[in-house]
Amino acid sequence: MASSPHNGHGHGHDQNHLELNGDTTKAHPASKKPRLSLSLSSSSSSFITESEIRSEFSHHDPGIARINNGSFGCCPSSVIEAQREWQMRFLAQPDAFYLNELKKGILQSRTIITDLINADHVDEVSIVDNATTAAAIVLQQMAWGFTDGKFHRGDAVLMLHYAYGSVKKSIEAYVTRAGGHVIEVPLPFPVKSGEEIITEFKKALERGKANGRRIRLAVIDHVTSMPCVVIPVKELVKICREEGVEQVFIDAAHGIGCTDVDMEEIGADYYASNLHKWFFCPPSIALLYCRKSSKLSDLHHPVVSHEYGNGLAIESAWIGTRDYSPQLVVPSVVEFVNRFEGGIEGIKKRNHEQVVKMGKMLAKAWETNLGCPPEMCASMIMIGLPACLGISCEKDTTNLRTHLREKFGVEVPIYYRIPKNGETGSITGYARISHQVYNKEDDYVKLRNAVNKLVSDGFTCTLLSQ
Ligand SMILES: Cc1ncc(COP(=O)(O)O)c(C=O)c1O
């Protein structure tokens, strides 16, 4: 191994490997139950109060109704403070920090995450920057399958039509360019049931296989971004297994803290979840789970450093000099969520209930509909906007979003739904609202009133495109 620029004599990395590559079962005992005390929280007398919540998020711009947690998440002051402490520990004595603290800290975070997602072993859990990086790691492996001659030209990767834009680009970069074929699963929207998704998924698999293609990988979102819908991943993974899809990757950028994340139940080969979206970590941190029994995997971090070849978790724990503090604050986040009744499970449940309630309130006020039944949404939901707003292209959604931010102080993303052939007067725009612990009913009332005002003023999106 090349010597490290950080230890002066080239042994520092090796010494630290021992801590992580050795008997990691000590760090995460074989008996997995009871799961981390994440669902246990303080006694009712000491739950976090409303004013403490306000104070934890007092850095949020008070002029904005922030109902878009789904895009960038949030981080409370107590965690920002903990992050600052980690940063200062590094800056105070970088060499000692690097040699003695960093790897231990990352292992501790990985151990907590292992419990949180019900993985079998801490070795299955790597920490990376974000879901985008996790997707690149999995897809890069596909590219090697083609270049190493393991896959044949025309072998396929399957993805949902609503796959996240950057993940689609990653598939283009790593799969299409290497000679792979992409099968896209069309999804209905608005969606009425999980069955509709399962049916489309099965049809796409059939189409793919009818041409004699091997499906090397299925990329399935857990919660799609735009429009947002919770995908029945457990059922789809099972179908993939039955139909001979080689590997399954779940893109759960909205995973932990948003929906149910259990590796044993879901059964995928790879699962990526951000922790900076719904788990209160500062940007940026995501987990990438890789099932140990998945014999086919040959995953490597795309940023190659000294740890290349030592396993993805170890490779990812050092990708050059940078700020690792977001990866180290996971224990502080656990402390934060346990101040709430029911811990992260309680937060998730209340967010779901509130977002459904607010979604129904808006749909009623605008005389429109939700984008999916409540059981198919987690902490975000789509609500149809009045058709008279005249949303008729992607640009209209960006213009309207900017208008709502600048003129009404509301931050909310908007989706353009292309009308089907012959459809007139139908809903073409949907607002995606999120709910997180800092939100208040007033935030959604602000959105409702803003849209009502636009409607009563006879506003249409054409006014913004001039
Ligand atoms: C489904 C999905 N995948 C991937 C991403 C990318 O996440 P990040 O920007 O944290 O890498 C997002 C972001 O919203 C997403 O919704």
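That block above? That's the structure.
All of the points below concern the structure found in this document. Quantities reported herein were computed from a predicted structural model and do not represent experimental measurements. (Residues numbered from 1 in each chain as written. Predicted model: local features only at pLDDT ≥ 70, side-chain atom pairs only at ≥ 80, totals over all residues.)

## Some points on the site of the ligand
Then step 1. Taken together, Asn130, Ala131, Thr132, Tyr164, Ser166, Val167, Asp221, Ser225, Asp251, Ala253, His254 and Asn274 make up the full set of residues adjacent to the ligand.
Then step 2. Elements with a contribution of two residues or more to the shell around the ligand: helix H6 (131–147) and helix H7 (165–176).
Then step 3. Grouping the amino acids of the shell around the ligand by side-chain chemistry returns four nonpolar, six polar and two charged. (Near = placed C-beta within 6 Å. Helix = DSSP H or I, 4+ residues; strand = E, 2+ residues; numbered from the N terminus. Nonpolar A, V, L, I, M, F, W, Y, C, P; charged D, E, K, R; others polar.)

## Observations concerning the sheet that holds strand S9 (residues 380–384)
Then step 1. Strand order across the open sheet formed by three strands is S9-S12-S11, with antiparallel pairing between neighbours. The outermost strands of the open sheet, each flanked by one partner alone, are S9 and strand S11 (414–416). Going from strand to strand, the sheet's axes swing by 30° on average, the running direction of each strand aside.
Then step 2. Where S9 and strand S12 (residues 429–434) come together, five bridges link them in antiparallel fashion. Opposite isoleucine 381, over in S12, you have isoleucine 433 as the bridge partner.
Then step 3. Set on the sheet, helix H15 (residues 394–408) makes contact with S11 and S12; between it and S11 the angle comes to about 165°. (Pairing = 2+ DSSP bridges. Axes fitted to C-alpha atoms, helices over the stretch in contact; angles between N-to-C directions. Contact = placed C-beta atoms within 7 Å.)

## A look at the sheet that holds strand S7 (residues 270–274)
Then step 1. The seven strands are arranged S2-S8-S7-S6-S5-S3-S4 in an open sheet whose pairing can be described as mixed. The two strands at the open ends of the sheet, each matched to only one other strand, are strand S2 (125–128) and strand S4 (181–185). The mean inter-strand angle of the sheet, taken between neighbouring strand axes irrespective of direction, is 20°.
Then step 2. Sheet topology places S2 next to strand S8 (residues 286–290); four bridges connect them, and they run antiparallel. The residue of S8 that forms the bridge with serine 126 is leucine 288.

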